[in-house]
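# Structural overview for review
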Amino acid sequence: VFSYLLTGMPSLARLPYMLMELLLYAILVSLFNKKFNAYVSLIATIVLGRILYAGVLFVAIHGMGLPTYGISVIESIKVGLPGIAIQLLCVPFAAKAMKERLDLKND
């Protein structure tokens, strides 16, 4: 929402779908982090998040008749591959550093 307000991106038409996607990722990574290491959590979140996002789009299109403005799960994966690679390289190290410096416990 802040990005939209500051930059206009993502477009207003795509904002609700992106909010759902980000909410799914936040819930999934929180659940997986309690049971698995950072890499497994991240990979499981990315895979399951895309599957659930596909379900959200399916319901929006076929169940509620909402326009999706050309949003495609496959296209978002293709475009997002560099970001996925960067996440897999950086997030586990950043999470470990934060846990150590902030003395966080994953209970």
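Computed from a prediction, not measured in an experiment: that's the story for all the values here.

It is possible for side chains bearing opposite charge to pair when their charged atoms get close. Scanning all chains against the criterion turns up one salt bridge. Its salt-bridge partner being Arg50, residue Glu21 comes within 3.5 Å of it at the nearest N-O pair. Of this pair, Glu21 sits in helix H2 (residues 15–33) while Arg50 sits in helix H3 (residues 38–63), and the two are 29 residues apart along the sequence. Arg50 matches Glu21 in its accessibility class, with the two residues each being buried.

Close contact between H3 and helix H4 (residues 73–102) brings their axes to 10 Å; oriented N to C, the two are set at 160°. Viewed along their axes, H3 and H4 adopt a mutual orientation that is roughly antiparallel. Read as a crossing pair, H3 and H4 show a hand that is right-handed. For the pair H3 and H4, the contacting residues are Ala38, Tyr39, Leu42, Ile43, Ile46, Arg50, Tyr53, Ala54 and Leu57 in the first and Val73, Ser76, Ile77, Ile84, Gln87, Leu88, Val91, Pro92 and Phe93 in the second.

Conventions adopted
Residues numbered from 1 in each chain as written. Predicted model: local features only at pLDDT ≥ 70, side-chain atom pairs only at ≥ 80, totals over all residues. Heavy atoms only, no water. Salt bridge = Lys/Arg side-chain N within 4 Å of Asp/Glu carboxyl O. Helix = DSSP H or I, 4+ residues; strand = E, 2+ residues; numbered from the N terminus. Buried < 20%, exposed > 50% of the residue type's maximum accessible area, 1.4 Å probe, protein only. Axes fitted to C-alpha atoms, helices over the stretch in contact; angles between N-to-C directions. Parallel < 35°, antiparallel > 145°, perpendicular 65-115°, else oblique. Left-handed = near helix turned anticlockwise from the far one by under 90°. Contact = heavy atoms within 4.5 Å.

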